[in-house]
Amino acid sequence: MSYDYDDQNIFAKILRGEIPNDTVLETEHSLAFRDIQPHAPVHVLVIPKGAYVSFDHFAAEADPVEIVDFTRALGRICQTENVCPVDGHEGYRLLSNAGPAANQEVPHMHMHLVGGHSLGAILPRGG
Ligand code: AMP
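Residue indices follow the written sequence of each chain, beginning from 1 at its first position. Side-chain atom pairs in this predicted model are given and counted only at pLDDT of 80 or more, local residue features only at pLDDT of at least 70, and totals for whole chains, interfaces and linings cover all residues. Computation of side-chain values covers all heavy atoms of the structure but excludes hydrogens and water.

Novice: Just to check I follow, could you spell out the site of the ligand for this structure?
Specialist: Neighbouring residues are identified by heavy atoms, a residue being near a molecule or strand if any of them is within 4 Å of it. Near the ligand you find 15 residues, and of these Asp35, Asn97, Glu105, His110 and His112 are the closest. Here an oxygen atom of the ligand sits 2.8 Å away from a polar atom, N or O, in the side chain of Asn97. In protein, a polar contact requires one atom able to donate a hydrogen and another able to accept it; more generally it is a pair of N or O atoms within 3.5 Å, and residues adjacent in sequence count only if both atoms are side-chain atoms. A distance of 3.2 Å separates an oxygen atom of the ligand from a polar atom in the backbone of Asn103. All accessible-area figures derive from a Shrake-Rupley calculation using a 1.4 Å probe, and residue coverage is judged against the displayed protein chains alone. Taking 510 Å² as the accessible area of the ligand by itself, protein coverage stands at 90%. Elements with a contribution of two residues or more to the shell around the ligand: α1 (10-15) and β2 (30-34). Tallied by class, residues from the shell around the ligand come to 6 nonpolar, 6 polar and 3 charged. The helix and strand labels rest on DSSP assignments: H or I over at least four residues marks a helix, E over at least two residues marks a strand, and numbering proceeds from the N terminus. Side-chain classes follow a simple rule in which Ala, Val, Leu, Ile, Met, Phe, Trp, Tyr, Cys and Pro form the nonpolar group, Asp, Glu, Lys and Arg form the charged group, and the remainder, Gly included, forms the polar group.

Next comes the structure, spelled out in structure tokens:
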């Protein structure tokens, strides 16, 4: 399987510092920033710094160090955004769109972390 990465995508430009972002956390291998069009009170995008188009690409080809860094960064943000379902907080949802079936807009692997209010059903039914 071979993956094509377009380095002109908007998250690649954010990583190169060509466009601004509202950073939540930066680690050696990952960057987290607020979504520009939030769907919930908490809506953070977490991306690896490496050139991966989708979660499956990242999972298959990233170095384990990058995967651990990404996973720990994501977990830390759940804590700092106060959405972990402990101490009275309501919980969160993680979601990663990949490809046209999921309407992936930006072809750089990203995980949406949403929370801060009741999120409803995972997907609309029907169709
Ligand atoms: P997806 O459909 O999963 O590819 O979602 C891409 C997300 O990136 C959308 O929720 C957009 O609102 C968000 N987005 C696009 N451009 C930016 C940007 N410059 N800064 C922050 N979020 C962005």
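Novice: What exactly am I supposed to notice about the pattern of salt bridges here?
Specialist: Where charged atoms from two side chains of opposite charge come close, those side chains can pair. For this analysis, a salt bridge means a side-chain nitrogen from Lys or Arg found within 4 Å of a carboxyl oxygen belonging to Asp or Glu. Taken as a whole, this structure holds 3 salt bridges when the rule is applied. Of the charged contacts in the structure, one is a salt bridge between Glu18 and Arg16, with a shortest N-O distance of 2.7 Å. Taking relative accessible area as the criterion, Glu18 reaches 48% and is therefore assigned partly exposed. Buried, partly exposed and exposed residues are distinguished by accessible area as a fraction of the type maximum, computed with a 1.4 Å probe on protein chains only: under 20%, between the cut-offs, and over 50%, respectively. Judged by its relative accessible area of 39%, Arg16 is partly exposed. Taking the shortest distance from any N to any O, the salt bridge between Arg34 and Glu81 comes out at 2.9 Å. Here the residue Arg34 occupies a position in strand β2, and Glu81 occupies one in the loop between α3 (64-80) and β4 (92-95), the gap between them amounting to 47 residues. By relative accessible area, which is 15% here, Glu81 ends up buried.

Novice: So what exactly am I meant to see when it comes to the nonpolar core here?
Specialist: Considering soluble globular proteins, one finds that nonpolar side chains tend to be buried as a cluster. To form a nonpolar core, buried Ala, Val, Leu, Ile, Met, Phe, Trp, Tyr and Cys residues must be joined to one another through side-chain atoms within 4.5 Å. Ranked by internal contacts, the top residues of the largest apolar core, which has 18 residues, are Ala32, Val44, Val46, Phe58, Phe70, Ile77 and Leu113. Contact between two residues is taken to exist if any of their heavy atoms lie within 4.5 Å; hydrogens are not considered. With residues up to four places along the chain from it excluded, the contact list for Phe70 reads Ser30, Val46, Ile47, Pro48, Phe58, Met109 and Met111.

Novice: It is not clear to me how the pairing of strand β5 (residues 111-115) should be interpreted in this structure. Could you clarify?
Specialist: Moving residue by residue along a regular strand, the side chains alternate between the two faces of the sheet. For β5, a buried count of 5 out of 5 residues is recorded, marking the element as mostly surrounded by other parts of the structure. Of the two faces of β5, the one carrying Met111, Leu113 and Gly115 and the one carrying His112 and Val114 are both buried. A pair of strands is considered paired only if DSSP assigns at least 2 bridges between the two. Pairing geometry for strand β3 (residues 42-48) and β5, over 5 bridges, is antiparallel. Bridge pairing in β5 places Val42 opposite Gly115. Where β4 lies against β5, 4 bridges are found, and the strand directions are antiparallel. Within β5, the position partnered with Arg93 by the bridge is Val114.

Novice: What's the story with the packing of aromatic side chains in this structure? I'm lost.
Specialist: Remark: the centre distance and the inter-plane angle together describe each pair of aromatic rings, the angle taken between the planes. The aromatic pairing rule takes the rings of Phe, Tyr and Trp, using the six-membered ring of Trp, and pairs them if the centres are within 6.5 Å, calling planes under 30 degrees apart stacked, those over 60 edge-to-face and the rest tilted. Applying the stated criterion across every chain, the model contains 3 aromatic pairs. An angle of 70° between the planes, with centres 5.4 Å apart, marks the rings of Tyr52 and Phe58 as edge-to-face. The same class applies to Tyr52 as to Phe58, namely buried.

Novice: In this structure, what is going on with the pairing of β3? I would like to understand it.
Specialist: The buried count for β3 comes to 7 of 7 residues, which makes it a mostly enclosed element. By the alternation rule, side chains of β3 split into Val42, Val44, Val46 and Pro48 and His43, Leu45 and Ile47, which are all buried. Where β2 and β3 come together, 5 bridges link them in antiparallel fashion. The residue bridging Phe33 from the neighbouring strand is Leu45, located in β3.

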